[in-house]
Structures are given as C-alpha cells and as structure tokens.
Amino acid sequence: MNKVATPAARTSPGAATPQEPLKASSARAAGIKPKAAAKATPKARQAAAKTATRSAATTTPSTSTDEQLQATLQWLRQHSSKATLAGMARYGLPSDRALGVTMAHMLQLSKRIGRNRALAAALWDTGVYEARMVAAMIDDPAQVTAAQMDRWCRDFDNWGICDTVCFKLFDRAPHAWAKVVQWSGKRDEFGKRAAFALLWGLTVHDKQASDARFIEGLRLIERAATDERHFVMKAVNMALRATGKRNRALNTAAVGVARRLAGSSSAAAQWIGKDALRELSSPALQRRLKA
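In this text the structure is predicted, and so the values were computed from the model without any measurement.

Cut-offs and rules
Numbering of residues begins from 1 in every chain and follows the order in which that chain's sequence is written. Where totals are concerned, whole chains, interfaces and linings use all residues; where local detail is concerned, this predicted model gives features only for residues with pLDDT of at least 70, and gives and counts side-chain atom pairs only at 80 or more. Only heavy atoms go into the side-chain values, all of them from the structure, while hydrogens and water stay out. Runs of H or I in DSSP of at least four residues are treated as helices and runs of E of at least two as strands, each being numbered from the N terminus. Note on classification: 1.4 Å probe, protein chains only; a residue is buried when its accessible area is under 20% of the maximum for its type, exposed when over 50%, partly exposed between these limits. Here a residue-residue contact requires only that any non-hydrogen atoms of the pair lie within 4.5 Å. For the accessible areas, the method is Shrake-Rupley and the probe is 1.4 Å, while residue cover comes only from the protein chains on display. Two rings belonging to Phe, Tyr or Trp (six-membered ring only in the last case) form a pair when the distance between their centres is within 6.5 Å. Interplanar angles under 30 degrees mark stacking, angles over 60 mark edge-to-face geometry, and anything in between is tilted. A ring is considered to have a charge above it if a Lys NZ or an Arg CZ atom is located within 6 Å of its centre and within 35 degrees of its normal. Salt bridges, as used here, are contacts in which a Lys or Arg side-chain nitrogen is within 4 Å of a carboxyl oxygen on Asp or Glu. Any pair of N or O atoms that falls within 3.5 Å is considered a polar contact. Within protein, one atom must be able to donate a hydrogen and the other to accept it, and sequence-neighbouring residues count only if both atoms are side-chain atoms. As a per-residue measure, pLDDT tells how confident the predictor is, with possible values from 0 to 100. Angular values range over 0 to 180 degrees, each being the angle between N-to-C directions of two axes fitted as lines to C-alpha atoms, with helices fitted over their stretch in contact. Angle categories: roughly parallel below 35 degrees, roughly antiparallel above 145, roughly perpendicular from 65 to 115, and oblique for all the rest. In this scheme the crossing of two helices becomes right-handed for a clockwise turn of the near helix relative to the far one and left-handed for an anticlockwise turn of less than a right angle. Any residue outside Ala, Val, Leu, Ile, Met, Phe, Trp, Tyr, Cys, Pro, Asp, Glu, Lys and Arg is labelled polar, Gly included; the first ten of those are nonpolar and the last four are charged.

S.K.: Can you break down the overall build of the protein residue by residue, with the values?
M.R.: Counting its regular elements, the protein contains 17 helices and zero strands. Put simply, the protein has 291 residues, and 51% of those count as buried. In the protein, once contacts between residues fewer than 6 apart in sequence are set aside, the share between residues at least 24 apart is 71%. For the protein, the exposed surface amounts to about 13700 Å²; the carbon and sulfur share of it is 54%.

Right, dumping it as structure tokens:
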C-alpha cells in the first residue's frame with residue numbers, strides 16, 4: 001500500500017493550532033471585550049467560545065465571516081482529543097494539519113451552522129483537516145462551480161477529504177458528471193480517486209440519472225482498473241460495486257465488466273473484478289434486485 005503523501009498545507013490567519021487561546025474576534029462574536037477574554041479563567045473562556053460558535057452559526061449583518069471562522073475553529077479545537085488525532089494515522093489520514101475531532105462532532109457542528117458558502121470557503125483555505133471536512137458539509141452544492149471543484153480537487157491529499165467532499169457536496173453539484181469524466185484521466189492519485197468516489201456517490205444520490213450515464217461510468221472503470229495505486233484501485237472497485245447495485249440492468253452490465261477484469265493479466269484489475277463479482281453475483285443482491 002502506498003504511503004499517503006501530505007503536501008504542506010497553505011497557511012492563513014484562520015489556520016489556528018489546538019493550543020491557541022480564544023481569539024479577539026471570537027470574543028467579540030460572543031459579546032465579550034478582548035481584554036476581558038484574556039483575563040478570563042479557562043472555564044469562562046470555554047463558555048465564551050461556545051457562545052461565540054452559536055453566534056457564528058447564525059449569519060447576521062453584524063457577524064463577519066472572519067468572526068464565524070474563528071469561532072468555528074475554536075469549537076473544533078475544544079472538541080479535539082489526542083486519542084482521536086493519534087488514531088488517524090491508523091487509517092492513512094494525515095495528522096500534521098489535523099486537530100483530532102471525530103466525525104460525529106463534525107456532523108454536529110455542520111448541522112448547527114447550516115448552509116454557509118462564505119464560511120465554507122474560509123474554512124477550506126485554512127488547510128486544517130477538520131475545517132475542510134466541515135466546509136464540505138456546509139457549502140451549497142447548487143452554487144458550486146466547475147472552477148471550485150477543480151481547485152478543491154487539486155488540494156486533495158488524503159482519502160478522507162477526497163471522499164467526504166465527493167459524497168457530501170460534489171455529487172450534488174451541477175458539474176458532477178462532467179468531472180467524473182475529466183478527473184478519470186488525472187495523473188495524481190487522489191485526483192483520480194475523486195473521479196470514482198464521485199461516481200460512487202452519484203449511484204446513491206442522483207436518483208434521476210439514466211442508466212446510460214452509468215454505462216459510460218463502467219467504461220471509465222474498466223479503463224482505470226489497471227492502475228495499481230491503492231487509493232485509486234479501492235475507489236474503482238467501490239464504484240463498480242455501487243453501479244452494479246443500482247438496478248438489474250446495471251447489475252448485468254457491471255457483472256460483465258467484473259468478469260472481464262477478473263480474467264485480465266493485470267493484478268489490480270483481477271482483484272477489482274473478483275472482489276466485485278463476489279458481491280454483485282451474490283444470491284442476496286440478486287433477490288433484492290428482482291424484488
């Protein structure tokens with residue numbers, strides 16, 4: 001398995017560290033004077049930060065994007081743990097730009113914030129792992145542009161960010177299908193993975209898509225199946241399996257692809273095909289598709 005390369009993340013005023021004290025902007029968002037915040041006890045600072053996050057989650061003319069950003073980062077810092085941070089490495093996730101916040105907490109925060117496109121952009125630019133995860137959860141897919149998709153895709157440096165952005169945001173964006181085709185030809189590992197993570201997400205979330213779109217997706221899957229890079233190979237496999245579970249017609253087509261791959265001379269293609277066949281040909285799935 002290839003090691004995950006983690007390029008140095010971009011820095012910004014919002015790229016705080018877990019040890020950073022309550023920012024003056026967060027204090028203002030909570031209605032507390034900065035000098036008072038500096039003298040406050042740890043318990044008082046914690047209460048102030050929670051209030052600041054609630055304020056930041058509600059967009060008003062008096063709450064700037066920067067204030068919302070600082071309060072959101074403060075909330076993430078307060079809900080981080082060393083144990084969570086240490087555990088990320090076991091799953092191939094980078095920890096040098098992470099705080100150590102669980103997915104459950106990130107989902108909780110995103111629900112509290114709601115849709116906030118300006119805050120999503122600011123969170124993404126911090127380069128902080130959890131901030132980018134939350135950005136994918138609160139951005140508005142209807143307003144996501146093709147240029148934004150390409151820009152964020154270039155920043156993908158691990159499977160967690162790649163898959164979450166594709167499953168939570170990009171697969172609902174207007175340009176999703178065009179990016180599946182475009183990114184399937186990318187050279188970088190996570191950019192190419194994004195094409196098939198996106199296709200995987202579309203099998204679940206695009207209820208109106210025709211079978212013809214997924215047949216084209218199967219062609220891209222078959223073409224990419226010889227790529228032996230771990231994170232590409234896994235995504236291609238999952239996209240194949242997900243396509244074959246959508247309906248009976250696509251199951252038949254996906255099984256045909258899986259059989260061809262299983263008989264390939266490529267070790268990567270063989271693994272993808274044989275693993276997919278086990279699920280796509282299983283009696284349980286066949287019964288469900290016939291029901």
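S.K.: Run through the packing of aromatic side chains, naming residues and quoting values.
M.R.: All told, the structure shown has eight aromatic pairs when counted by the stated rule. For the pair Phe-170 and Trp-183, a centre-to-centre distance of 6.0 Å together with 50° between the ring planes defines the contact as tilted. Here the residue Phe-170 occupies a position in the loop between α10 (159-168) and α11 (176-183), and Trp-183 occupies one in helix α11, the gap between them amounting to 13 residues. Grouping aromatic residues by their ring pairs yields a cluster made of Trp-124, Trp-152, Phe-156, Phe-170 and Trp-183. The ring of Trp-124 carries the charged tip of Arg-132 above its face, separated from the ring centre by 4.4 Å.

S.K.: Would you mind going over the environment of Ala-253 in detail, with residue names and values included?
M.R.: One can find Ala-253 in helix α15 (residues 248-262). For the pair Ala-253 and Leu-240, spaced 13 residues apart in the sequence, the C-alpha separation amounts to 10.0 Å. With sequence-adjacent residues up to four places away left out, Ala-253 is seen in contact with Ile-215 and Leu-218.

S.K.: Quick one: what's the story with the pattern of salt bridges, residue by residue and with numbers?
M.R.: Per the stated rule, a full pass over the model turns up 13 salt bridges. The residue Asp-139 makes a salt bridge to Arg-117 at a minimum N-O spacing of 2.9 Å. Of this pair, Asp-139 sits in the loop between α8 (129-138) and α9 (146-155) while Arg-117 is found in helix α7 (residues 117-126), placing the two residues 22 residues apart along the sequence. Taking the shortest distance from any N to any O, the salt bridge between Lys-179 and Asp-150 comes out at 2.9 Å. Here Asp-150 lies in helix α9 and Lys-179 lies in helix α11, a separation of 29 residues in the sequence.

S.K.: Which residues make up the environment of His-175, and what values go with them?
M.R.: Along the polypeptide, His-175 turns up in the loop between α10 and α11. As for His-175 and Pro-141, which are separated by 34 residues in sequence, their C-alpha atoms are 9.8 Å apart. With sequence-adjacent residues up to four places away left out, His-175 is seen in contact with Val-144, Thr-145, Ala-146 and Met-149.

S.K.: So what's going on with the side chain of Asn-251? Residues and values would help.
M.R.: Tracing the backbone through its elements, the reader meets Asn-251 in helix α15. According to the relative accessible area criterion, Asn-251 is buried, its value standing at 5%. Polar contacts involving the side chain of Asn-251 include one to the main-chain carbonyl oxygen of Leu-280, which spans 3.2 Å. Separated by 3.0 Å, the side chains of Asn-251 and Gln-286 make a polar contact. Among residues more than four places away in sequence, those in contact with Asn-251 are Gly-244, Leu-280, Leu-285, Gln-286 and Leu-289.

S.K.: Quick rundown of the confidence of the model for the protein? Include the residues and the values.
M.R.: Looking at the protein as a whole, the pLDDT averages 85, with 79% of positions reaching at least 70. For the stretch residues 1-38, pLDDT sits under 50, and the model shows 75 contacts to residues farther than four places along the chain or on other chains.

S.K.: Got a sec to walk through the packing of helix α13 (residues 211-224) against α15? Specific residues and values, please.
M.R.: At their nearest, the axes of α13 and α15 sit 11 Å apart, and the two run at 10° to each other. What the angle tells us is that α13 and α15 run roughly parallel. Residues Asp-211, Phe-214, Ile-215, Leu-218 and Glu-222 of α13 form the contact with α15, whose own contacting residues are Ala-249, Leu-250, Ala-253, Ala-254, Val-257, Arg-260 and Leu-261.

S.K.: Pulling in residues and values, what's your account of the packing of α8 against α10?
M.R.: At their nearest, the axes of α8 and α10 sit 8 Å apart, and the two run at 15° to each other. In terms of axis orientation, α8 runs roughly parallel to α10. Between α8 and α10 lies a crossing whose hand is right-handed. Here α8 contributes Tyr-129, Arg-132, Met-133, Ala-136 and Met-137 to the contact with α10, which in turn contributes Gly-160, Ile-161, Thr-164, Val-165 and Lys-168. Each residue belonging to the contact of α8 with α10 can be placed in one class, and the counts come to six nonpolar, two polar and two charged.

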